[in-house]
Amino acid sequence: MTLQTRDLTELGSRLKGRVIEPGDSEYDAARTVFLGGIDGRPAVIVRPADADDVARVVGLAAETGLELAVRSGGHSGAGHSTTNGGIVLDLSDMKRLEIDVPGRTAWAEAGLTAGDYTIAAAAHGLATGFGDTASVGLGGLTLGGGVGYLLRKYGLTIDSLLAADLVTADGRLLRVDAQSHPDLFWAIRGGGGNFGVATRFRFRLEPVDDVVGGMLILPATPDVIAGFIAAAEAAADELTTIANIMPSPPMPFVPPEYHGRLILMALLVHSGGGEAGERAVAPLRKLAEPIADMVRPMKYPEIYPPDDPSYHPQAISRTLFVDEVDRGVAEAIVGHLQASDAPVRVAQLRVLGGAVARVPAEATAYAHRTRRIMANVAAFYEGPDDRPLREAWVTEFAKALSHGDDAAYVNFLGDEGEARIRQAYPGSTWDRLVEIKARYDPGNLFRLNQNIPVGNKGTPASIR
Ligand SMILES: Cc1cc2nc3c(=O)[nH]c(=O)nc-3n(C[C@H](O)[C@H](O)[C@H](O)COP(=O)(O)OP(=O)(O)OC[C@H]3O[C@@H](n4cnc5c(N)ncnc54)[C@H](O)[C@@H]3O)c2cc1C
């Protein structure tokens, strides 16, 4: 079915928010998403002002059968934040934030980004853990899990989630928490956008203010890589690290002789700060003479570099988990990175554990609680011609690191098919998600996502 002019006129007259159509001067900017190479042309982009508007758009999608793309920050790696010929429900105008300072909680609308929220909460010396990038939206990040700089101390983003307001496929606005719709509350903590449109979230805030954090760049030899991961795992839970092993870009703070050579570019936060922070970082600094050391006392939001809205990389990536980075694994990482000539190529290692692992696997729909290290391998491509080459390298590299263990973090999945989605939800997690999906979205209205299919209990034949 197509969208008629009268549908749009009627929708526009009933909405408090905005309706953007092809031909409007804003249309091209409004259809642009974070990743390059994604060029959806929706029939309409709606920017709701509140939950009632959201319910109206969900109703329109249900009536017309048109594909519905739900967008908060537009960072989907699978291209799910836009559609060709369908409806984009873009929550980016919904940015209300109410912080209860004494109660240490916040109600945050889904259109806020990690950066918006973090800066506002920091004014009170408080934080909730999100990801590594300020422009990522709270909507997608939270519903998939949320892996960031506070995870070893305070867990995933979903571990700080107390409640959400959700518009379901039948247009109802539900308050979802441990008491009310507990099945849905379980499902939206990791199950992504399958169950409804989250209009706002209630988060717990933690006392995070002065931290020790920043970038530490070391030469990426196998010994340094293995030593870094061992030291990061042995560190106190206050220290969370992200290690990017990659050829050095020509960054001004890296001496020119290192440009193009493999570096370990670590981004880290010690949420306690002060002396304890310096002590925790010391073993990392000792692994080799740092090429650049910008780890310093800072206010927590400073860990986010400023966003560049014109940055739209074309990238292929694969997500996986590894449980050890010994010298052999480190050698494999170095070998694969050296064997490619992609303009940007990287292996990213995030040491997990701590508070993430203290939550039982069945408590939320993010079940990979005991996995020790999350890895991503990625390459940028320049256009359709070199994409297959870069994709083959990424696939082969990921296979070499995962040894056939295909477990995945849903928020880092691309458009990789149902078997891969199944790998994000091991064992009974999948069955439970399928059952809840059938109850709340039997028509699969929310299908443009890492989709939990309706009525498909059990394991796809391809991965048995
Ligand atoms: C540069 C970059 C850095 C990243 N860093 C991290 C990181 O450090 N840690 C981490 O955990 N992840 C990270 N991610 C992955 C990120 O969490 C996911 O891509 C996430 O889905 C993005 O959320 P979004 O709202 O920005 O994206 P969108 O594209 O707007 O949304 C992605 C999907 O989430 C669902 N969705 C979004 N909003 C809602 C809503 N309000 N209600 C219902 N469903 C919704 C929809 O299915 C949508 O297709 C990163 C991604 C990028 C591109």
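Let me begin by describing the structure that accompanies this report.

Conventions and cut-offs
Residues numbered from 1 in each chain as written. Predicted model: local features only at pLDDT ≥ 70, side-chain atom pairs only at ≥ 80, totals over all residues. Heavy atoms only, no water. Axes fitted to C-alpha atoms, helices over the stretch in contact; angles between N-to-C directions. Helix = DSSP H or I, 4+ residues; strand = E, 2+ residues; numbered from the N terminus. Parallel < 35°, antiparallel > 145°, perpendicular 65-115°, else oblique. Left-handed = near helix turned anticlockwise from the far one by under 90°. Contact = heavy atoms within 4.5 Å. Pairing = 2+ DSSP bridges. Phe/Tyr/Trp six-rings, centres within 6.5 Å; stacked < 30°, edge-to-face > 60°. Buried < 20%, exposed > 50% of the residue type's maximum accessible area, 1.4 Å probe, protein only. Lys NZ or Arg CZ within 6 Å of the ring centre and 35° of its normal. Near = heavy atom within 4 Å. Polar contact = N/O pair within 3.5 Å; in protein donor to acceptor, adjacent residues only side chain to side chain. Areas by Shrake-Rupley, 256 points an atom, 1.4 Å probe, with all protein chains shown as cover. Nonpolar A, V, L, I, M, F, W, Y, C, P; charged D, E, K, R; others polar. Core = buried A, V, L, I, M, F, W, Y, C linked by side-chain atoms within 4.5 Å. Salt bridge = Lys/Arg side-chain N within 4 Å of Asp/Glu carboxyl O.

The subject of this paragraph is the packing of helix H8 (residues 222-234) against helix H10 (residues 327-338). Contact geometry for H8 and H10: axes closest at 8 Å, N-to-C directions at 125°. Comparing the axis directions of H8 and H10 gives the class oblique. Crossing of H8 against H10: the hand is right-handed. The residues of H10 that touch H8, namely those facing Pro222, Asp223, Ile225 and Ala226, are Arg327, Ala330, Glu331 and Val334.

Let's shift gears to the sheet that holds strand E8 (residues 161-167). Hydrogen bonds between backbone atoms are what pair the strands of a sheet, whose relative direction is either parallel or antiparallel. Read from one edge of the open sheet, five strands run E5-E6-E10-E8-E9, paired in antiparallel fashion. Since the sheet does not close on itself, it has two edges, and those belong to strand E5 (97-100) and strand E9 (173-177), each with one partner. Between one strand axis and the next, the sheet turns by 15° as a mean value, whatever way the strands run. Docked against the sheet, helix H4 (residues 114-122) engages E5, strand E6 (105-109) and strand E10 (197-204), running at close to 35° with respect to E5.

On to the packing of aromatic side chains, then. Going through the model one piece at a time under the given rule, you end up with eight aromatic pairs. Here Phe34 and Tyr311 contribute two aromatic rings whose centre-to-centre distance is 6.2 Å and whose plane-to-plane angle is 70°, an arrangement assigned as edge-to-face. Taken as a pair, Phe34 in the loop between helix H2 (27-31) and strand E2 (44-47) and Tyr311 in the loop between strand E16 (296-299) and strand E17 (315-322) lie far apart in primary sequence, 277 residues in all. By relative accessible area, which is 22% here, Phe34 ends up partly exposed. Ring geometry for Phe201 versus Phe203: centroids 5.6 Å apart, planes at 35°, classification tilted. In this structure Phe201 comes out as buried when scored by relative accessible area, which is 0%. One aromatic cluster is present, formed by Tyr117, Phe130, Phe201 and Phe203 through successive ring pairs. For Arg200, the ring lying beneath its charged end belongs to Trp107, and the centroid distance is 3.9 Å. Of note, Arg432 hangs over the ring of Trp186, and the distance from its end group to the ring centre comes to 4.0 Å.

This part is about the site of the ligand. Close to the ligand lie 33 residues, the nearest being Ser72, Gly74, Asp132, Val147 and Tyr409. Here Ser76 contributes a backbone N or O atom positioned 2.9 Å from an oxygen atom of the ligand. In this structure, an oxygen atom belonging to the ligand sits 3.4 Å away from a main-chain N or O atom of His80. The fraction of the free accessible surface of the ligand (940 Å²) that becomes covered by protein chains is 92%. Looking at the shell around the ligand, the elements that each hand over two or more residues are strand E3 (68-71), helix H5 (138-144) and E10. Residue contributions to the shell around the ligand peak at four residues, all from H5. For the shell around the ligand, the class distribution of residues is 13 nonpolar, 17 polar and three charged.

In this section: the pairing of E2. Judged by which residues are buried, E2 turns out to be covered on both faces: Val44 and Val46 on one side and Ile45 and Arg47 on the other are all buried. Pairing analysis gives three bridges linking strand E1 (residues 18-20) to E2, with the strands arranged antiparallel. When the sheet's bridge partners are listed, Ile20 is paired in E2 with Ile45. Sheet topology places E2 next to strand E4 (residues 87-90); three bridges connect them, and they run parallel. Paired with Val46 across the bridge in E4 is Leu89.

Another point: unusual backbone geometry. With a phi angle near 55°, His181 is a residue other than glycine that sits in the positive phi range. Its location among the elements puts His181 in the loop between E9 and helix H7 (182-188). Phi angles above zero are rare outside glycine, and Asn444 is one such case at about 55°. Position of Asn444 among the secondary structure elements: in the segment after helix H13 (428-440). On the basis of relative accessibility, which here comes to 15%, the residue Asn444 falls in the buried class.

Okay, the sheet that holds E1 next. Taking strand neighbours across the sheet as the criterion, the four strands line up as E1-E2-E4-E3 in an open arrangement whose pairing is mixed. Each edge of the sheet is formed by a strand with only one pairing partner; in this case those strands are E1 and E3. Geometrically, the sheet is characterised by an average inter-axis angle of 20° between neighbouring strands, direction not taken into account. Each of E2, E3 and E4 is contacted by helix H3 (residues 51-64), which is oriented at about 165° to E4, the strand it contacts most.

What follows concerns the side chain of Asp50. If you trace the backbone, Asp50 turns up in the loop between E2 and H3. Polar side-chain contacts of Asp50 include one of 3.0 Å to the backbone nitrogen of Asp53. When neighbours within four sequence positions are excluded, Asp50 is seen to be in contact with Lys16, Met94 and Arg96.

The next point concerns the nonpolar core. Counting residues in hydrophobic clusters, the biggest one holds 66 residues, and the most contacted among them are Tyr117, Ile188, Phe201, Ile217 and Tyr300. What Tyr300 contacts, discounting residues up to four positions off in sequence, is Thr118, Ala127, Tyr149, Leu150, Val208, Asp209, Val211 and Val269.

On inspection of all chains with the given rule, the structure shows 40 salt bridges. As a salt-bridge pair, Arg318 and Glu391 come within 3.5 Å of each other at their nearest N and O atoms. In this pair, Arg318 sits in strand E17 while Glu391 sits in helix H11 (residues 387-402), placing the two residues 73 residues apart along the sequence. Looking at Arg318, the relative accessible area reads 15%, which means it is buried. By relative accessible area, which is 26% here, Glu391 ends up partly exposed. Between Glu435 and Arg439 there is a salt bridge; the shortest N-O distance is 3.1 Å. Placement of the pair is Glu435 and Arg439 together in helix H13, with a separation of four residues, close to one helical turn. For Arg439, a relative accessible area of 45% gives the class partly exposed. Via salt bridges that share partners, Arg318, Arg387, Glu391, Glu416 and Arg420 belong to a single interconnected network.

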